[in-house]
Amino acid sequence: MNPDLSKTDQEILEAFGKNHDQGMEMMFKKYFALVSTVVYRILNDSEIAEDLAQEVFLSVWKNRETININSSLKSYLVRAARNKTLNYIRDNKVKTSVSEEMPDLPDFTPGIEKEIAGKDLRKKVSQLIDMLPERCRYTFVLSRFENLTYKEIAKEMGISEKTVENQISKALQFLRKGLANFLDDK
Amino acid sequence: MENINKKVWDLAENYQKELSPDVDKAWTEFNKRREVENEGKVVKRNFLLPLGIAASLMLLVGFFFFNSSTQNSMETIHTAANQIEKLGLPDGSEVWLNENTTVSHFAVNGSDRTVELQGEAFFEVEKDENNPFIIKTGGAVIEVLGTAFNVKNVKNGVEVEVRNGIVRVNGNKVKAGEQIFISNSGSIEKNKGSNIGGWINKELNFDKVPLSEIINEIEEIYKVKVAVRNLKLNDCSFTTEFHDESIENILEILKVGFGCELKKINNESFVLKGGSCR
């Protein structure tokens, strides 16, 4: 196992304080995957996710002399990743969106046994959310998983609150259709 | 919220998304970026820096003006943003001023051919072997007899690129096709020049030039930002010529050349996604 993965946040921060280079490497190796995942979850683009994750660590490096991480290192990096992603969305406002059309629902046969159904549900939900048109997906993910208010989303994406509301209801409608099997079970 | 929508909302909890990047590879990449970051202090040719930093470095900033010690009275010309101006000097030399540039020049043709510059300009100097043409700018004094070259104040120094002939910058000889960078602290760096004065009529030639450098030049000349999402493309070289093309056409050519997707965010920003070295 990579020795950097077993280091606690405390150890990493201490190392970073004493020797920037060494601490940076520990931090990077332990958290790069997590930070990229935070971005990836919102943007659904692995290339951009890795690129923005690089920038998150680069900011830490640039501010190495003055940086003051009081909270846990992990939550600091997660927050930084989220902010970086929101900035990205704001700077890359999709004004004339490529396609706002809802895609066709994929074929899907539900599993019979409970256990399989649970796994299928995860797969299904992930598949459906990732199929949403870009703008619709952003609004939904930011609202559902990043807990942003409609107002915050509207501001970040440069769209009206009404549009946010519409996009989210479109997303829910799409998921509702796609998850009909799971909803009928009840 | 409607009951059924609430259920859907709850089911969405099952959303799973994880990225397992190659961390060792990412670390290598990180070190590369970090190095470039550190080199911000020692500017390299064409400013091989991340986009944002490059953009701020490109700001044409002049530092200080020399006090004119000439008897020949001076006239001052200033260009506004987005304005390129051609200027004929009394000795027959010609100057193209890029935007936000100030040039003070001699009023009559005589033995004193001293010009003060703040910003960026391309000079075509009339030959007069007895009277050198002198440009004072930032921390540099440029002496020429007759030649064509570009002078630009950047954040941390002065950049001079020579198209024809020989120019002397703070005593250092710079020949045609060469570029010299004099930092504010006085350090000197010599490099190969490219597309010297290309901003005047947007004549750009690239001969096996890495994409990152092509993008830097285009961004500067067209005042746009182009994000290349696939970092692997930055080192891929490309050979092409652009003759006063629109930015859209240029990016279209790069798009096809590298097999990218091109996304126009607005008139000033574009994204090239995916693609590969061909």
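To start, this report covers the structure provided alongside it. (Residues numbered from 1 in each chain as written. Chains lettered and ligands numbered in written order. Predicted model: local features only at pLDDT ≥ 70, side-chain atom pairs only at ≥ 80, totals over all residues. Heavy atoms only, no water.)

1. Focus on helix H2 (residues 20-43) of chain A
All names here are of chain A. Rule in force here: Fitting axes to the seven residues that end at a residue and to the seven that start at it, the angle between those axes gives the bend at that residue. Secondary structure elements are taken from DSSP: a helix is a run of H or I of four residues or more, a strand is a run of E of two residues or more, and numbering for both begins at the N terminus. Between N or O atoms, a polar contact is any pair within 3.5 Å; within protein, one atom must be a potential hydrogen donor and the other a potential acceptor, and residues adjacent in sequence are included only when both atoms are from side chains.
Along H2, the largest kink reaches about 55 degrees and is centred on Tyr 31. Taking the backbone nitrogen of Asp 21 as reference, a side-chain oxygen 3.1 Å away marks Asn 19 as the first, capping residue of H2. Following H2 by one or two positions, Asn 44 adopts a phi angle in the positive range, close to 55 degrees.

2. Quick notes on the interface of chain B and chain A
Short version of the rule: Any two residues whose heavy atoms approach within 4.5 Å at even a single point are treated as in contact. For any pair of parts, buried area is found by adding up, for both, the accessible area (1.4 Å probe) each one loses once the two are put together. Any carboxyl oxygen of Asp or Glu within 4 Å of a side-chain nitrogen of Lys or Arg constitutes a salt bridge here. All residues other than Ala, Val, Leu, Ile, Met, Phe, Trp, Tyr, Cys, Pro, Asp, Glu, Lys and Arg, Gly among them, are scored as polar; the first ten of these are nonpolar and the last four charged.
On the side of chain A, 50 residues touch chain B, which itself brings 35 residues to the contact. Summing both sides of the interface, chain B and chain A together bury roughly 4,200 Å²; the carbon and sulfur share of this comes to 63%. Summed over the shared surface of chain B and chain A, the number is seven salt bridges. As a salt-bridge pair, Glu134(A) and Lys263(B) come within 3.4 Å of each other at their nearest N and O atoms. Of the residues forming the side of chain B that touches chain A, the biggest block, 10 residues, is contributed by helix H2 (residues 23-38) of chain B. Residues that form the side of chain B that touches chain A fall into these classes: 15 nonpolar, six polar and 14 charged.

3. Some words on the environment of Val56(A)
Here Val56(A) lies in helix H3 (residues 46-62). In this structure, Val56(A) is in contact with Val35(A), Leu77(A), Ala80(A), Ala81(A) and Lys84(A), ignoring residues within four places of it in sequence.

4. Description of the sheet that holds strand E19 (residues 269-273) of chain B
Sheet strands pair by backbone hydrogen bonding; their relative direction is either parallel or antiparallel. Residue and element names in this part refer to chain B. Heads up, the rule is: We treat two strands as partners when DSSP finds at least two bridges between them. Each axis is a line fitted through C-alpha atoms, and for a helix only the stretch in contact is used; angles between axes span 0 to 180 degrees, taken between their N-to-C directions.
Sheet architecture is open: three strands sit in the order E16-E19-E18, paired in mixed fashion. Of all the strands in the sheet, the pair left with one neighbour each is strand E16 (225-228) and strand E18 (261-266). For this sheet, the mean angle separating the axes of adjacent strands, direction not counted, is 20 degrees. Running at roughly 10 degrees to E19, helix H5 (residues 247-258) makes contact with E16, E18 and E19 of the sheet.

5. What about the pairing of strand E7 (residues 133-137) of chain B?
Residue and element names in this part refer to chain B. To keep things clear, this is the line we draw: Only protein chains enter the accessibility calculation, which uses a 1.4 Å probe; a residue whose area is less than 20% of its type maximum is buried, one above 50% is exposed, and one in between is partly exposed.
Summarising burial for E7: five of the five residues are buried, a large majority. Neither face of E7 is exposed, since Phe 133, Ile 135 and Thr 137 on one face and Ile 134 and Lys 136 on the opposite face are all buried. Where strand E5 (residues 113-118) meets E7, four bridges bridge the pair, whose relative direction is parallel. Bridge pairing in E7 links Glu 116 to Lys 136. Pairing analysis gives five bridges linking E7 to strand E8 (residues 140-144), with the strands arranged antiparallel. From the neighbouring strand, Ile 134 faces E8, where its bridge partner is Glu 143. Taken together, E7 and the strand that follows it, E8, pair antiparallel across an intervening segment of two residues, in which Gly 138 is found at a positive phi of about 50 degrees.

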